[in-house]
Amino acid sequence: GKGEYDHFMLKEIHEQPTALTQALEGRIDPENERIALSDLDPETFTDVESVQLIACGTSYHAALYGSLALNQAGIQSTALLANEYSVSAPPTDDDTLVIAVTQSGETADTLSALRQANAEGATTVTVTNVVGSTAAREADEAVFIRAGPEIGVAATKTFSSQAVMLTLLGQCIAAEQHGEPPADLGSLLPELATMPDMLDDLLVDSGADLIAEQYADSQSYFFIGRGLGFSVALEGALKFKEITYEHAEGFASGELKHGPLALVTPDTPVFAVFTGEEDEKTLKNAEEAQTRGAPVVAVCPDGHRAVDVADAHLEIPETEPALAGLLANVQLQLVSYYAADLLDRPIDKPRNLAKSVTVE
Ligand code: F6R
(Lines give C-alpha, C1' and ligand atoms only; values in the text may rest on other atoms or scores of the structure.)
Protein backbone atom coordinates (compact mmCIF):
# COMPACT_ATOMS: atom_id res chain seq x y z
CA GLY A 1 0.00 0.00 0.00
CA LYS A 2 0.86 3.68 -0.05
CA GLY A 3 1.39 3.80 3.71
CA GLU A 4 1.67 7.36 5.00
CA TYR A 5 1.84 8.82 1.47
CA ASP A 6 -1.02 10.17 -0.66
CA HIS A 7 0.37 8.62 -3.81
CA PHE A 8 2.67 5.80 -4.85
CA MET A 9 4.78 8.33 -6.72
CA LEU A 10 5.59 10.25 -3.55
CA LYS A 11 6.25 7.00 -1.70
CA GLU A 12 8.60 5.85 -4.45
CA ILE A 13 10.43 9.19 -4.52
CA HIS A 14 11.02 8.73 -0.79
CA GLU A 15 12.15 5.15 -1.29
CA GLN A 16 15.18 6.29 -3.30
CA PRO A 17 17.68 6.17 -0.42
CA THR A 18 16.67 2.52 0.22
CA ALA A 19 16.59 1.69 -3.48
CA LEU A 20 20.15 2.98 -3.91
CA THR A 21 21.37 1.19 -0.80
CA GLN A 22 19.98 -2.04 -2.30
CA ALA A 23 21.50 -1.30 -5.70
CA LEU A 24 24.95 -0.77 -4.18
CA GLU A 25 24.80 -3.60 -1.63
CA GLY A 26 27.83 -5.87 -2.07
CA ARG A 27 28.72 -4.12 -5.31
CA ILE A 28 31.02 -1.35 -4.13
CA ASP A 29 33.91 -1.39 -1.71
CA PRO A 30 34.93 2.28 -1.27
CA GLU A 31 37.85 1.49 1.06
CA ASN A 32 39.59 -0.73 -1.47
CA GLU A 33 38.33 1.28 -4.45
CA ARG A 34 36.64 -1.77 -5.92
CA ILE A 35 33.44 -2.55 -7.77
CA ALA A 36 32.16 -6.12 -7.89
CA LEU A 37 29.26 -6.98 -10.18
CA SER A 38 28.85 -10.64 -9.40
CA ASP A 39 25.72 -10.84 -11.60
CA LEU A 40 27.98 -10.66 -14.65
CA ASP A 41 30.15 -13.27 -16.28
CA PRO A 42 33.69 -11.87 -15.61
CA GLU A 43 34.49 -12.16 -19.33
CA THR A 44 31.60 -9.89 -20.40
CA PHE A 45 33.70 -6.78 -21.02
CA THR A 46 36.92 -8.40 -22.24
CA ASP A 47 36.61 -7.46 -25.92
CA VAL A 48 34.35 -4.43 -25.65
CA GLU A 49 35.43 -1.51 -27.84
CA SER A 50 32.26 0.55 -27.91
CA VAL A 51 28.93 0.66 -26.14
CA GLN A 52 25.40 1.38 -27.36
CA LEU A 53 22.70 1.99 -24.78
CA ILE A 54 19.14 1.40 -25.98
CA ALA A 55 16.00 2.47 -24.11
CA CYS A 56 12.78 4.51 -24.22
CA GLY A 57 11.31 7.36 -22.20
CA THR A 58 12.71 7.84 -18.73
CA SER A 59 14.98 4.84 -19.19
CA TYR A 60 16.39 6.58 -22.28
CA HIS A 61 17.25 9.55 -20.07
CA ALA A 62 19.02 7.19 -17.68
CA ALA A 63 20.79 5.74 -20.73
CA LEU A 64 21.89 9.25 -21.78
CA TYR A 65 23.19 9.85 -18.28
CA GLY A 66 24.99 6.50 -18.37
CA SER A 67 26.40 7.09 -21.84
CA LEU A 68 27.97 10.35 -20.74
CA ALA A 69 29.37 8.66 -17.64
CA LEU A 70 30.90 6.01 -19.93
CA ASN A 71 32.37 8.63 -22.27
CA GLN A 72 33.85 10.44 -19.28
CA ALA A 73 35.40 7.14 -18.18
CA GLY A 74 37.06 6.98 -21.61
CA ILE A 75 34.73 4.49 -23.32
CA GLN A 76 33.16 5.27 -26.67
CA SER A 77 29.43 5.15 -26.09
CA THR A 78 26.09 6.39 -27.45
CA ALA A 79 22.56 6.36 -26.09
CA LEU A 80 19.95 5.48 -28.71
CA LEU A 81 16.17 5.47 -28.69
CA ALA A 82 15.14 1.83 -28.96
CA ASN A 83 12.20 2.74 -31.20
CA GLU A 84 14.59 4.33 -33.72
CA TYR A 85 17.10 1.50 -33.58
CA SER A 86 15.81 -0.56 -36.51
CA VAL A 87 16.07 2.43 -38.88
CA SER A 88 19.07 4.29 -37.51
CA ALA A 89 21.38 2.05 -35.48
CA PRO A 90 25.09 2.57 -36.01
CA PRO A 91 26.90 -0.59 -37.16
CA THR A 92 27.58 -3.24 -34.52
CA ASP A 93 30.05 -6.10 -34.48
CA ASP A 94 31.22 -8.57 -31.88
CA ASP A 95 33.27 -5.85 -30.10
CA THR A 96 30.11 -3.83 -29.51
CA LEU A 97 28.38 -4.06 -26.18
CA VAL A 98 24.67 -3.22 -26.33
CA ILE A 99 23.02 -2.37 -23.02
CA ALA A 100 19.21 -2.45 -22.93
CA VAL A 101 18.02 -0.19 -20.13
CA THR A 102 14.46 -1.12 -19.17
CA GLN A 103 12.80 -0.96 -15.79
CA SER A 104 10.08 -3.48 -16.66
CA GLY A 105 12.14 -5.60 -19.04
CA GLU A 106 8.98 -5.84 -21.18
CA THR A 107 8.97 -2.68 -23.34
CA ALA A 108 8.30 -3.87 -26.91
CA ASP A 109 10.49 -1.20 -28.55
CA THR A 110 13.44 -2.07 -26.34
CA LEU A 111 13.00 -5.84 -26.78
CA SER A 112 12.88 -5.41 -30.52
CA ALA A 113 16.17 -3.44 -30.53
CA LEU A 114 17.71 -5.99 -28.15
CA ARG A 115 16.75 -8.83 -30.51
CA GLN A 116 18.30 -6.97 -33.44
CA ALA A 117 21.55 -6.50 -31.47
CA ASN A 118 21.57 -10.19 -30.52
CA ALA A 119 21.03 -11.19 -34.15
CA GLU A 120 23.92 -8.95 -35.25
CA GLY A 121 26.28 -10.70 -32.86
CA ALA A 122 26.77 -7.93 -30.30
CA THR A 123 27.28 -8.82 -26.65
CA THR A 124 24.10 -7.77 -24.86
CA VAL A 125 23.43 -6.81 -21.25
CA THR A 126 20.19 -5.56 -19.75
CA VAL A 127 19.93 -3.22 -16.79
CA THR A 128 16.49 -3.95 -15.41
CA ASN A 129 14.39 -4.04 -12.26
CA VAL A 130 12.51 -7.24 -12.99
CA VAL A 131 14.05 -10.67 -12.43
CA GLY A 132 12.67 -13.14 -14.95
CA SER A 133 11.57 -10.40 -17.37
CA THR A 134 11.85 -10.95 -21.12
CA ALA A 135 14.87 -8.63 -21.36
CA ALA A 136 16.60 -10.50 -18.54
CA ARG A 137 16.00 -13.80 -20.33
CA GLU A 138 16.99 -12.66 -23.81
CA ALA A 139 20.09 -10.55 -23.11
CA ASP A 140 23.39 -12.39 -22.68
CA GLU A 141 23.70 -10.95 -19.17
CA ALA A 142 21.43 -9.08 -16.74
CA VAL A 143 22.24 -6.57 -14.03
CA PHE A 144 19.36 -6.05 -11.60
CA ILE A 145 18.85 -2.62 -10.09
CA ARG A 146 16.94 -4.02 -7.05
CA ALA A 147 14.75 -0.92 -6.70
CA GLY A 148 11.71 -2.89 -5.52
CA PRO A 149 8.31 -2.68 -7.24
CA GLU A 150 7.42 0.65 -8.84
CA ILE A 151 3.65 1.16 -9.01
CA GLY A 152 3.36 4.81 -10.11
CA VAL A 153 3.26 5.05 -13.91
CA ALA A 154 5.85 7.84 -13.75
CA ALA A 155 9.25 6.23 -13.21
CA THR A 156 11.19 7.76 -10.32
CA LYS A 157 13.33 5.47 -8.19
CA THR A 158 14.13 3.22 -11.14
CA PHE A 159 15.67 6.17 -13.03
CA SER A 160 18.07 6.88 -10.16
CA SER A 161 19.02 3.23 -9.71
CA GLN A 162 19.54 2.70 -13.44
CA ALA A 163 21.77 5.76 -13.71
CA VAL A 164 23.86 4.62 -10.74
CA MET A 165 24.22 1.07 -12.09
CA LEU A 166 25.28 2.43 -15.49
CA THR A 167 27.88 4.63 -13.79
CA LEU A 168 29.26 1.51 -12.07
CA LEU A 169 29.21 -0.46 -15.33
CA GLY A 170 31.16 2.35 -17.00
CA GLN A 171 33.85 2.14 -14.35
CA CYS A 172 34.03 -1.66 -14.75
CA ILE A 173 34.33 -1.50 -18.53
CA ALA A 174 36.99 1.22 -18.26
CA ALA A 175 38.96 -0.92 -15.76
CA GLU A 176 38.80 -3.86 -18.17
CA GLN A 177 39.85 -1.78 -21.18
CA HIS A 178 42.70 0.04 -19.48
CA GLY A 179 43.83 -2.75 -17.21
CA GLU A 180 43.41 -0.57 -14.12
CA PRO A 181 40.57 1.28 -12.37
CA PRO A 182 39.86 4.81 -13.69
CA ALA A 183 41.66 7.55 -11.75
CA ASP A 184 38.53 9.16 -10.35
CA LEU A 185 37.16 5.93 -8.86
CA GLY A 186 38.86 6.79 -5.57
CA SER A 187 36.67 9.88 -5.14
CA LEU A 188 33.53 8.52 -6.83
CA LEU A 189 32.97 5.42 -4.69
CA PRO A 190 32.99 7.15 -1.27
CA GLU A 191 30.56 9.77 -2.63
CA LEU A 192 28.35 7.02 -4.05
CA ALA A 193 28.34 5.30 -0.68
CA THR A 194 26.98 8.50 0.91
CA MET A 195 24.26 8.99 -1.76
CA PRO A 196 21.51 7.40 0.37
CA ASP A 197 22.31 9.81 3.24
CA MET A 198 22.50 12.81 0.93
CA LEU A 199 19.11 11.85 -0.51
CA ASP A 200 17.64 11.41 2.97
CA ASP A 201 18.75 14.94 3.87
CA LEU A 202 17.36 16.37 0.67
CA LEU A 203 14.00 14.63 1.17
CA VAL A 204 13.52 15.88 4.74
CA ASP A 205 13.20 19.48 3.62
CA SER A 206 13.40 19.86 -0.14
CA GLY A 207 11.38 23.07 -0.51
CA ALA A 208 10.01 21.76 -3.83
CA ASP A 209 6.40 22.14 -2.61
CA LEU A 210 6.88 25.91 -2.23
CA ILE A 211 8.44 26.24 -5.67
CA ALA A 212 5.56 24.27 -7.21
CA GLU A 213 3.08 26.58 -5.49
CA GLN A 214 4.91 29.70 -6.61
CA TYR A 215 4.94 28.72 -10.31
CA ALA A 216 1.94 26.39 -10.69
CA ASP A 217 0.05 28.97 -12.77
CA SER A 218 2.58 29.32 -15.56
CA GLN A 219 2.08 28.78 -19.26
CA SER A 220 5.07 26.54 -20.00
CA TYR A 221 7.99 25.11 -18.06
CA PHE A 222 11.53 24.90 -19.37
CA PHE A 223 14.36 22.80 -18.00
CA ILE A 224 18.00 23.36 -18.97
CA GLY A 225 21.28 21.68 -18.10
CA ARG A 226 24.68 20.80 -19.50
CA GLY A 227 26.42 17.42 -19.71
CA LEU A 228 24.84 15.06 -17.20
CA GLY A 229 22.58 17.99 -16.35
CA PHE A 230 21.16 17.91 -19.89
CA SER A 231 19.77 14.40 -19.42
CA VAL A 232 18.31 15.59 -16.11
CA ALA A 233 16.68 18.56 -17.86
CA LEU A 234 15.07 16.18 -20.38
CA GLU A 235 13.87 13.90 -17.61
CA GLY A 236 12.60 16.85 -15.52
CA ALA A 237 10.49 18.01 -18.46
CA LEU A 238 9.17 14.53 -19.28
CA LYS A 239 8.09 13.94 -15.69
CA PHE A 240 6.47 17.38 -15.55
CA LYS A 241 4.39 16.94 -18.71
CA GLU A 242 3.41 13.36 -17.84
CA ILE A 243 1.80 14.08 -14.53
CA THR A 244 0.79 17.77 -14.63
CA TYR A 245 -0.46 17.79 -18.29
CA GLU A 246 1.24 21.18 -18.59
CA HIS A 247 3.62 22.00 -21.40
CA ALA A 248 7.26 21.39 -20.47
CA GLU A 249 10.46 21.09 -22.52
CA GLY A 250 14.02 20.19 -21.70
CA PHE A 251 16.95 21.75 -23.54
CA ALA A 252 20.71 21.67 -23.48
CA SER A 253 21.57 24.99 -21.80
CA GLY A 254 23.55 26.15 -24.80
CA GLU A 255 20.66 25.42 -27.19
CA LEU A 256 18.31 27.93 -25.59
CA LYS A 257 19.74 30.78 -27.66
CA HIS A 258 19.46 28.76 -30.89
CA GLY A 259 15.66 28.95 -31.05
CA PRO A 260 13.75 28.11 -27.88
CA LEU A 261 14.53 31.56 -26.43
CA ALA A 262 11.72 32.86 -28.68
CA LEU A 263 9.24 31.07 -26.39
CA VAL A 264 10.55 32.64 -23.18
CA THR A 265 8.27 35.13 -21.39
CA PRO A 266 7.56 36.09 -17.76
CA ASP A 267 5.08 33.18 -17.85
CA THR A 268 7.66 30.46 -18.58
CA PRO A 269 9.81 29.57 -15.56
CA VAL A 270 13.23 28.13 -16.44
CA PHE A 271 14.62 25.42 -14.14
CA ALA A 272 18.41 25.47 -14.50
CA VAL A 273 20.29 22.38 -13.35
CA PHE A 274 23.87 22.97 -12.14
CA THR A 275 26.06 19.88 -11.93
CA GLY A 276 29.50 21.48 -11.88
CA GLU A 277 29.96 20.99 -15.64
CA GLU A 278 30.70 24.47 -17.03
CA ASP A 279 28.19 26.01 -14.63
CA GLU A 280 29.30 29.53 -15.59
CA LYS A 281 28.04 28.98 -19.13
CA THR A 282 24.74 27.54 -17.93
CA LEU A 283 24.30 30.52 -15.63
CA LYS A 284 24.81 32.87 -18.57
CA ASN A 285 22.25 30.91 -20.59
CA ALA A 286 19.77 31.15 -17.71
CA GLU A 287 20.41 34.89 -17.40
CA GLU A 288 19.55 35.33 -21.09
CA ALA A 289 16.10 33.91 -20.29
CA GLN A 290 15.86 36.02 -17.16
CA THR A 291 16.58 39.19 -19.16
CA ARG A 292 13.44 38.34 -21.20
CA GLY A 293 11.44 38.20 -17.98
CA ALA A 294 11.46 34.46 -17.27
CA PRO A 295 11.85 33.52 -13.61
CA VAL A 296 14.90 31.28 -13.11
CA VAL A 297 14.88 28.48 -10.55
CA ALA A 298 18.44 27.34 -9.84
CA VAL A 299 18.89 23.69 -8.84
CA CYS A 300 22.30 23.74 -7.15
CA PRO A 301 24.12 23.59 -3.80
CA ASP A 302 23.78 26.37 -1.26
CA GLY A 303 26.49 28.99 -1.71
CA HIS A 304 26.62 28.42 -5.50
CA ARG A 305 26.89 31.66 -7.49
CA ALA A 306 23.62 30.85 -9.28
CA VAL A 307 21.70 31.28 -6.03
CA ASP A 308 22.37 35.06 -6.03
CA VAL A 309 21.33 35.45 -9.66
CA ALA A 310 18.25 33.20 -9.71
CA ASP A 311 14.72 34.14 -8.64
CA ALA A 312 14.34 30.93 -6.63
CA HIS A 313 16.50 28.07 -5.42
CA LEU A 314 16.12 24.31 -5.05
CA GLU A 315 18.97 23.07 -2.93
CA ILE A 316 21.04 19.94 -3.52
CA PRO A 317 23.98 18.68 -1.43
CA GLU A 318 27.48 19.46 -2.67
CA THR A 319 28.99 16.43 -4.47
CA GLU A 320 30.73 15.09 -7.58
CA PRO A 321 29.21 16.07 -10.97
CA ALA A 322 28.58 12.34 -11.58
CA LEU A 323 26.06 12.39 -8.71
CA ALA A 324 24.86 16.00 -8.55
CA GLY A 325 22.57 15.39 -11.52
CA LEU A 326 20.81 12.56 -9.71
CA LEU A 327 20.17 14.75 -6.68
CA ALA A 328 18.90 17.57 -8.90
CA ASN A 329 16.62 15.07 -10.62
CA VAL A 330 15.02 14.14 -7.30
CA GLN A 331 14.26 17.83 -6.66
CA LEU A 332 12.62 18.02 -10.10
CA GLN A 333 10.59 14.84 -9.43
CA LEU A 334 9.24 16.56 -6.32
CA VAL A 335 8.40 19.80 -8.17
CA SER A 336 6.42 17.78 -10.74
CA TYR A 337 4.69 15.84 -8.01
CA TYR A 338 3.61 18.90 -6.01
CA ALA A 339 2.56 20.84 -9.13
CA ALA A 340 0.41 17.88 -10.28
CA ASP A 341 -1.07 17.60 -6.81
CA LEU A 342 -2.03 21.29 -6.78
CA LEU A 343 -3.65 20.84 -10.19
CA ASP A 344 -5.52 17.80 -8.84
CA ARG A 345 -4.21 15.38 -11.44
CA PRO A 346 -4.47 11.58 -11.04
CA ILE A 347 -0.75 11.34 -10.30
CA ASP A 348 -0.23 7.58 -10.19
CA LYS A 349 -2.20 6.90 -13.37
CA PRO A 350 -1.87 9.76 -15.88
CA ARG A 351 -4.35 9.71 -18.74
CA ASN A 352 -3.37 7.82 -21.92
CA LEU A 353 -0.28 6.20 -20.34
CA ALA A 354 0.51 2.66 -19.23
CA LYS A 355 3.24 1.41 -16.91
CA SER A 356 4.52 -1.05 -19.43
CA VAL A 357 4.27 -0.39 -23.17
CA THR A 358 4.06 -3.74 -24.92
CA VAL A 359 3.35 -2.53 -28.46
CA GLU A 360 5.69 -0.91 -31.01
C1 F6R B 1 8.05 7.77 -17.78
C2 F6R B 1 8.10 6.32 -17.97
C3 F6R B 1 8.30 5.77 -19.35
C4 F6R B 1 9.20 4.54 -19.31
C5 F6R B 1 9.32 3.91 -20.69
C6 F6R B 1 10.26 2.72 -20.69
O7 F6R B 1 7.90 8.11 -16.45
O8 F6R B 1 7.99 5.58 -17.03
O9 F6R B 1 8.84 6.75 -20.20
O10 F6R B 1 10.45 4.91 -18.83
O11 F6R B 1 8.06 3.50 -21.14
O12 F6R B 1 9.88 1.74 -19.77
P13 F6R B 1 10.85 0.60 -19.30
O14 F6R B 1 11.92 1.22 -18.47
O15 F6R B 1 10.00 -0.34 -18.51
O16 F6R B 1 11.42 -0.02 -20.54
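Residues numbered from 1 in each chain as written. Predicted model: local features only at pLDDT ≥ 70, side-chain atom pairs only at ≥ 80, totals over all residues. Heavy atoms only, no water.

*Asks:* How would you sum up the pattern of salt bridges? Please name residues and give values.
*Replies:* All told, the structure shown has 11 salt bridges when counted by the stated rule. Where E278 meets R226, a salt bridge forms, and the shortest distance between an N and an O atom there is 3.5 Å. Of this pair, E278 sits in the loop between strand 10 (270–273) and helix 12 (279–291) while R226 sits in the loop between strand 8 (220–225) and helix 11 (228–244), placing them 52 residues apart in sequence. By relative accessible area, which is 48% here, E278 ends up partly exposed. According to the relative accessible area criterion, R226 is buried, its value standing at 18%. (Salt bridge = Lys/Arg side-chain N within 4 Å of Asp/Glu carboxyl O. Helix = DSSP H or I, 4+ residues; strand = E, 2+ residues; numbered from the N terminus. Buried < 20%, exposed > 50% of the residue type's maximum accessible area, 1.4 Å probe, protein only.)

*Asks:* Quick one: what's the story with the site of the ligand, residue by residue and with numbers?
*Replies:* Neighbouring residues of the ligand: 13 residues in total, closest S59, T102, Q103, S104 and T107. Here an oxygen atom of the ligand and a backbone polar atom of T58 are 3.1 Å apart. Between the ligand and E242, the relevant distance is 2.8 Å, taken from an oxygen atom to a side-chain nitrogen or oxygen of the residue. In isolation the ligand has 410 Å² of accessible area, and contact with the protein removes 89% of it. Counting only elements with at least two residues in the shell around the ligand, the list comes to helix 3 (57–72) and helix 11. If one sorts the elements of the shell around the ligand by residue count, helix 3 sits on top with 3 residues. Among the residues making up the shell around the ligand, the classes are represented as 4 nonpolar, 7 polar and 2 charged. (Near = heavy atom within 4 Å. Polar contact = N/O pair within 3.5 Å; in protein donor to acceptor, adjacent residues only side chain to side chain. Areas by Shrake-Rupley, 256 points an atom, 1.4 Å probe, with all protein chains shown as cover. Nonpolar A, V, L, I, M, F, W, Y, C, P; charged D, E, K, R; others polar.)

*Asks:* Give me helix 3: which residues, what numbers.
*Replies:* Helical geometry note: an α-helix holds 3.6 residues per turn, so side chains three or four residues apart project in the same direction. When the terminal C-alpha atoms of helix 3 are compared, their 23 Å separation across 16 residues agrees well with the 22 Å that a helix rising 1.5 Å per residue should span. Along helix 3, the residues classified as buried are T58, S59, Y60, H61, A62, A63, Y65, G66, S67, A69 and L70. (Expected span 1.5 Å × (residues − 1).)

*Asks:* How would you explain unusual backbone geometry if you had to name every residue and give the values?
*Replies:* Phi is positive for E33, close to 50 degrees, though the residue is something other than glycine. Considering the arrangement of structural elements, one finds E33 in the loop between strand 1 (28–29) and strand 2 (34–35). One non-glycine residue, N352, lies in positive phi territory at about 70 degrees. With respect to the secondary-structure elements, N352 resides in the segment after helix 14 (321–342). Classification of N352 as exposed rests on a relative accessible area of 77%.

*Asks:* Can you break down the packing of aromatic side chains residue by residue, with the values?
*Replies:* Going through the model one piece at a time under the given rule, you end up with 5 aromatic pairs. Between F222 and F251, the ring centres sit 5.6 Å apart and the planes meet at 55 degrees, which makes this aromatic pair tilted. Here F222, found in strand 8, pairs with F251, found in strand 9 (residues 247–252); they are 29 residues apart in sequence, far enough to count as distant. Measuring from centroid to centroid gives 5.0 Å for F223 and F271, while their planes differ by 10 degrees, and the two rings are stacked. Taken together, the residues span a long stretch of sequence, with F223 in strand 8 and F271 in strand 10 at a distance of 48 residues. Look at F223 and you get buried, because its relative accessible area is 1%. Taking relative accessible area as the criterion, F271 reaches 1% and is therefore assigned buried. Through pairs of rings, three or more aromatic residues link up here, namely Y221, F223, F240 and F271. Above the ring of Y245, the side-chain terminus of R351 is found at 3.8 Å from the ring centroid. (Phe/Tyr/Trp six-rings, centres within 6.5 Å; stacked < 30°, edge-to-face > 60°. Lys NZ or Arg CZ within 6 Å of the ring centre and 35° of its normal.)

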